[in-house]
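Spelled out, the chains give:
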Amino acid sequence: MVNCVVRNWQGEEVGETTLELRVAKEENASHIVHRALTRQLNNARQGNACTKTRSEVRGGGRKPWRQKGTGRARAGSIRSPLWRGGGVIFGPKPRDFEVKMNKKERRLALRTAFQSRTEDIIVVEEFAEQFPRPKSKELLSAIARWGIEPDTKVLLILPEPQLNVYLSGRNIELVNVILATSLNVYDVLAADKIIVTSTAIAKIQEIYGE
């Protein structure tokens, strides 16, 4: 169990909340998180790169010149991989990069990754009412009040869709806004700081805290 300070919109400490997730054993933690991360990155690959072999390239059906007597090297097709415009040797073909991992393992890896970032987690009160309309400048000012330096990659976790907050964060290069229900290992590990609302913390523990 980890105690986290809760800050309000002005950046003042107004209380505490607890984060308690069942995580992997210390000796297995890095391995299972690494497996989940490589799975996510591999599954995001399209795998649709495709090159043509000599049998698939258009043309080249006729022998370009006779076998002997020309003084040139023997050639059977103008679509040989040795020729310009010819086929490709051992080139990429469409393939599926999908890596499978049990659901229980995936959730354990996510809990482990999230709780390992407790030193970088900043818990704040709900602030959706501060955005009657999208305003990136206001969100940047709030992030600074919460003690985050400029040029810091920030992951902002919301409990539910909040359109104006999302639109405000979408326009900031180093801010990534996701929902608590869309938590994933890559985003958790890639961010320098994680801002999560107190309601989102409760939702994360409810959904993933098995």
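Worth saying up front: this structure is predicted, and the values here are computed from it rather than measured.

Let's shift gears to helix α6 (residues 198-208). For α6, the full list of buried residues reads Ala200, Ile201, Ile204 and Tyr208. Down the axis of α6, the buried set is contained in an arc of 105°. They therefore lie on one face. Contact partners of the buried residues in α6: β2 (13-19), α2 (103-115), β3 (121-124), β4 (154-158) and β6 (193-197).

Moving on, we get to the side chain of arginine 117. Relative to the assigned elements, arginine 117 resides in the loop between α2 and β3. For arginine 117, a relative accessible area of 10% puts it in the buried group. Within the local environment of arginine 117, its side chain forms a polar contact with the backbone oxygen of alanine 191, the two atoms lying 2.8 Å apart. What arginine 117 contacts, discounting residues up to four positions off in sequence, is Val188, Leu189, Ala191, Asp192, Lys193 and Ile194.

Here the largest pocket defines a volume of roughly 200 Å³. Lining the largest pocket, in full, are Ala36, Arg39, Gln40, Lys103, Arg106, Arg107, Leu110, Leu183, Asn184, Val185 and Tyr208. Those elements that provide at least two residues to the lining of the largest pocket are α1 (26-43) and α2. Considering each element in turn, the lining of the largest pocket owes the most residues, four residues, to α2. Class assignment of the residues belonging to the lining of the largest pocket gives a composition of five nonpolar, two polar and four charged. Within this model, the second largest pocket holds a volume of roughly 160 Å³. Residue contributions to the lining of the second largest pocket peak at three residues, all from helix α3 (residues 136-145). Its residues assigned to classes, the lining of the second largest pocket comprises nine nonpolar, one polar and two charged.

Attention now moves to the pairing of β2. Pairing of strand β1 (residues 2-7) with β2 involves six bridges; the strand directions are antiparallel. By the bridge assignment, valine 5 is partnered in β2 with glutamate 16. Linkage of β1 to β2, two consecutive antiparallel strands, is achieved through a turn of five residues, within which glycine 11 is found at a positive phi near 95°.

Of note in the backbone geometry, phenylalanine 90 takes a positive phi value of approximately 55° without being a glycine. Structurally, the position occupied by phenylalanine 90 is in the loop between α1 and α2. Phi at aspartate 151 is positive, roughly 65°, even though this residue is not glycine. For aspartate 151, the location among the structural elements is in the loop between α3 and β4.

Hydrogen bonds between backbone groups are what pair the strands of a sheet, and the pairing can be parallel or antiparallel. Within the open sheet, the six strands sit side by side as β2-β1-β3-β6-β4-β5. Their pairing is mixed. Each edge of the sheet is formed by a strand with only one pairing partner; in this case those strands are β2 and β5 (175-179). For this sheet, the mean angle separating the axes of adjacent strands, direction not counted, is 30°. Sheet topology note: the β4/β5 ladder contains five bridges and is parallel. Pairing of leucine 155 across the sheet is with asparagine 176, part of β5.

Procedures and definitions
Residues numbered from 1 in each chain as written. Predicted model: local features only at pLDDT ≥ 70, side-chain atom pairs only at ≥ 80, totals over all residues. Heavy atoms only, no water. Buried < 20%, exposed > 50% of the residue type's maximum accessible area, 1.4 Å probe, protein only. Helix = DSSP H or I, 4+ residues; strand = E, 2+ residues; numbered from the N terminus. Arc of directions from axis to C-beta. Contact = heavy atoms within 4.5 Å. Polar contact = N/O pair within 3.5 Å; in protein donor to acceptor, adjacent residues only side chain to side chain. 1 Å grid on protein atoms, 1.4 Å probe; cavity = no way out; pocket = protein on both sides within 12 Å on 5 of 7 lines; lining within 4 Å. Points joined across faces, edges and corners; volume = space filled by probe spheres on them. Nonpolar A, V, L, I, M, F, W, Y, C, P; charged D, E, K, R; others polar. Pairing = 2+ DSSP bridges. Axes fitted to C-alpha atoms, helices over the stretch in contact; angles between N-to-C directions.

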